[in-house]
Amino acid sequence: MRIRTVKLTLDKHVKQDPRILKVYFEARRRYSEAGREHHNFTHVMRDLYRSLVIAREESSVDYGILIPAVLLHDIGFCTQKHIKVGHDVAGAELAMQILPPLGYASPTIQAISHCIRAHKGLAELPQSLEAKILYDADVLEKAGLVFLFFAGRITVEFKETVEHFLKRDIPHREKEISRGFYTQKAREMDGGRLAILRSMLQRIQKEIKEERIDYSVTEKDLWLEPPESHSTSIP
Ligand SMILES: [Fe+2]
Ligand SMILES: [Fe+2]
C-alpha cells in the first residue's frame, strides 16, 4: 500500500471522529516530553501505518478504538510507573486518565485500555480485533533486519549492555514466533523476517559469549588491581 492511501484513510477517520485528533496531539506532546530514543512518536507512527494497512484487510474494524489505542500504546513509558508494573499496564492505566477529558466514555475507554494492556501479549492476550491488529503491528516492528538498528537505540534508552538486551529480548521473540500473528496481512508482511531476526540475535549472543568475548571487555578486565590503587605520581 502506498503511504498516501494510508494518509487519506487517517484523515477520513479523524473527520468521522474528531476526538482522534485530540488523542493524537495529547500523545504527541507526551511522547515528545518524555524524549525516549526508541519508544517515541516516530515509532508510534510506524505502528499506526502498519495498523491501518492491516485493518484495511479486515472487516468491522472500529477505528475509533484502534487509532487511539495505537497512539497511546507505549504511553506507559511516559510515566515512572512502567518500571514497577510494565509499560503495557502503566499505559492502560494512564490512558484511562487521559481519555475522559477528551470526550471518551466508559465502554470505549475499556476497549482502548484492553488493546494497550494486551499489546505485548504479557499482561493479557489480545481478545478484540483492534487489540489483535495493534499487537501484530507492534511485533512487525521487530520483523526485519532494520530492528538491529532499533536495538541499538533501545540499549541506549534502557541504559543496558548488549548482553542484557539479548538476554531480555530473545525470549520475547521466541514467544512471538511460537504465538504467531493474529492477522493474515501481518503474516504476509512478516514473510518469515521475525524468525530471521531471532536467528541474528542468537548469533550475536553466541558470538559475544563464545567467539568474541572482547566485545564484553570492561575496565576491570584490564587490571589485576583497581587502577585507583596505583600511584599516579610519576617519578
Ligand atoms: Fe510497547
Ligand atoms: Fe510499541
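Notes on the structure follow. Since the model is a prediction, treat every value here as computed from it, not as a measurement. (Residues numbered from 1 in each chain as written. Chains lettered and ligands numbered in written order. Predicted model: local features only at pLDDT ≥ 70, side-chain atom pairs only at ≥ 80, totals over all residues. Heavy atoms only, no water.)

### Let's talk about the nonpolar core
Keep this limit in mind: Nine residue types can take part in a nonpolar core, namely buried Ala, Val, Leu, Ile, Met, Phe, Trp, Tyr and Cys, and a core is a set of them joined through side-chain atoms within 4.5 Å. Three exposure classes are used, based on accessible area relative to the maximum for each residue type with a 1.4 Å probe and protein chains only: buried under 20%, partly exposed in between, and exposed over 50%. Only DSSP runs of H or I with at least four residues qualify as helices, and only runs of E with at least two residues qualify as strands; both kinds are numbered from the N terminus onward. Any two residues having at least one pair of non-hydrogen atoms within 4.5 Å are treated as being in contact.
Ranked by size, the top nonpolar core spans 45 residues in total, and within it I67, L71, L72, L99 and Y104 carry the most contacts. Elements supplying a minimum of two residues to this core: α1 (3–16), α2 (19–34), α3 (41–55), α4 (63–72), α6 (87–98), α7 (106–117) and α8 (129–140). Top element by residues in this core is α4. It accounts for eight residues. Excluding its chain neighbours within four sequence positions, the residues that come into contact with I67 are L10, H13, I20, L48 and L52. Counting 10 residues, the second-largest nonpolar core is a separate cluster that includes F147, I170, L197 and I208.

### Quick look at unusual backbone geometry
In the Ramachandran plot, S60 falls in the positive-phi region, its phi being about 65 degrees despite a non-glycine side chain. Within the secondary structure, S60 sits in the loop between α3 and α4. With phi around 50 degrees, K159 is a residue other than glycine that occupies positive phi space. In this structure, K159 sits in the loop between α9 (147–157) and α10 (162–179).

### A closer look at the coordination of the iron ion (ligand 1)
Here is the rule: Coordinating N, O and S atoms are those within 2.8 Å of the metal (3.2 Å for Na, K and Ca), and as water is not part of the atoms, a site may appear to have fewer donors than expected.
For the iron ion (ligand 1), every protein donor is listed as D74 (OD), H87 (NE2) and H119 (NE2), and the spread of their distances is 2.1 Å. For the iron ion (ligand 1), the single-chain donor residues occur in sequence as D-x12-H-x31-H. A separation of 3.5 Å is found between the iron ion (ligand 1) and the iron ion (ligand 2), which share D74 as a coordinating residue. Residue H87 is found in helix α6, and its partner H119 is found in the loop between α7 and α8; the two are separated by 32 residues along the sequence. Residue class for H87 comes out buried when judged on its relative accessible area of 11%. Overall, the relative accessible area of 1% leaves H119 in the buried class.

### A short note on the coordination of the iron ion (ligand 2)
In the first shell of the iron ion (ligand 2), the protein supplies H43 (NE2), H73 (NE2), D74 (OD) and D138 (OD), at 2.1 to 2.3 Å from the metal. Each donor residue of the iron ion (ligand 2) lies on one chain, and together they are spaced H-x29-H-D-x63-D.

### Considerations on α10
Structural remark: α-helix, 3.6 residues per turn; residues separated by three or four positions point the same way. Quick note on the threshold: By this rule the span expected of a helix is its residue count minus one, scaled by 1.5 Å.
Under the 1.5 Å per step criterion, the end-to-end length of α10 is 25 Å for 18 residues, consistent within 8% with the ideal 26 Å. Taken residue by residue, α10 has F165, L166, D169, I170, R173 and E176 as its buried positions. Residue G180 follows α10 closely and has a positive phi angle near 80 degrees.

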